[in-house]
Amino acid sequence: ASYIKQLCKKYAVRGFPTVLILDSTGKEIHRTGYRKGGPKEYLEMLFEATDMDAIAAIKPVTDIFKEFNQGLEKEMNAAMEEARASISSIPVTATDEARKEARKKSFELLIDRQIAVLRKYVASGKELSEKANACKVPDKYSRQKLKAINKHRQDYQRLVDMLKHLESRGKQ
């Protein structure tokens, strides 16, 4: 069981089913899970995901989004760590009421930091689709390029929705 836990940690598996396609060195090529549509559609998706020529051709496009996502994740994790540090600084001798108030302030700090991060990334995220769209790829890979751009647009919309949710929560 510990081997499974190590693999889950190594490849950041957060839910099941998770299907990873790895190269011979163990580097992740593609990640997926359950997909609607049946075996034919699933096999087509796997074929596309492992088409190394297509992956190489659209790499400039996917690198744009990868850098964006890594930056976002890093800043959101930093916000979480800041809130955790704030909570762990509560003295053990504090009264229950003081602890409750300190936890509330830590939570408010987390929400404020997340809102700031999301505003920053929402402001810059829309331009990425245009930047990615300007990347030249051979015509036969334009479909894969469009899929990567559309995925970013969906992810971007989730960021916008998350920001709206957090901002409305902050007004309550």
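Anything mentioned here points back to the structure above.
Quick summary incoming for the structure in this document. Since this is a predicted model, take the numbers as computed values, not measurements.

1. Digging into the pairing of strand β1 (residues 19–22)
Every other side chain in a regular strand lies on the same face of the sheet, so the side chains alternate between the two faces.
1) Next: Summarising the sheet, β1 and strand β2 (residues 28–32) pair through four bridges and their orientation is antiparallel. Paired with L20 across the two strands is R31, which belongs to β2.
2) Next: Taking the residues between adjacent antiparallel strands as the criterion, β1 and β2 are bridged by five residues, where G26 takes a positive phi near 95 degrees.

2. Re a negative patch on the surface
1) Next: The grouping of D96, E97, E101, E108 and D112 at the surface amounts to a negative patch.
2) Next: Within the secondary structure, D112 sits in helix α5 (residues 96–134).

3. Observations concerning the nonpolar core
1) Next: One finds V61, F65, L72 and L118 to be the most contacted residues of the largest nonpolar core, which totals 22 residues.
2) Next: Counting only elements with at least two residues in this core, the list comes to α4 (59–88), α5 and α6 (142–170).
3) Next: Considering each element in turn, this core owes the most residues, eight residues, to α5.
4) Next: Leave out the neighbours within four places in its chain, and L118 touches L72, M76, L159, M162, L163 and L166.

4. Remarks on the packing of aromatic side chains
1) Next: Applying the stated criterion across every chain, the model contains one aromatic pair.
2) Next: Residues F68 and Y121 carry aromatic rings whose centres are separated by 5.2 Å and whose planes lie at 70 degrees to one another, so their mutual orientation is edge-to-face. In this pair, F68 sits in helix α4 while Y121 sits in helix α5, placing the two residues 53 residues apart along the sequence. Side by side, F68 and Y121 carry an identical accessibility label, which is buried.

5. Notes on α4
1) Next: The end-to-end C-alpha distance of α4, which contains 30 residues, comes to 42 Å, matching closely the 44 Å that a straight helix rising 1.5 Å per residue would cover.
2) Next: All of the buried residues along α4 are V61, I64, F65, F68, G71, L72, M76, A79 and A83.

What counts, and at which threshold
- Residues numbered from 1 in each chain as written.
- Predicted model: local features only at pLDDT ≥ 70, side-chain atom pairs only at ≥ 80, totals over all residues.
- Heavy atoms only, no water.
- Pairing = 2+ DSSP bridges.
- Helix = DSSP H or I, 4+ residues; strand = E, 2+ residues; numbered from the N terminus.
- Patch = residues over 30% accessible without salt bridge, like charges linked within 9 Å, V, L, I, M, F, W, Y side chains within 5 Å.
- Areas by Shrake-Rupley, 256 points an atom, 1.4 Å probe, with all protein chains shown as cover.
- Salt bridge = Lys/Arg side-chain N within 4 Å of Asp/Glu carboxyl O.
- Lys, Arg positive; Asp, Glu negative; His and termini not counted.
- Charge placed at Lys NZ, Arg CZ, Asp CG, Glu CD.
- Core = buried A, V, L, I, M, F, W, Y, C linked by side-chain atoms within 4.5 Å.
- Buried < 20%, exposed > 50% of the residue type's maximum accessible area, 1.4 Å probe, protein only.
- Contact = heavy atoms within 4.5 Å.
- Phe/Tyr/Trp six-rings, centres within 6.5 Å; stacked < 30°, edge-to-face > 60°.
- Expected span 1.5 Å × (residues − 1).

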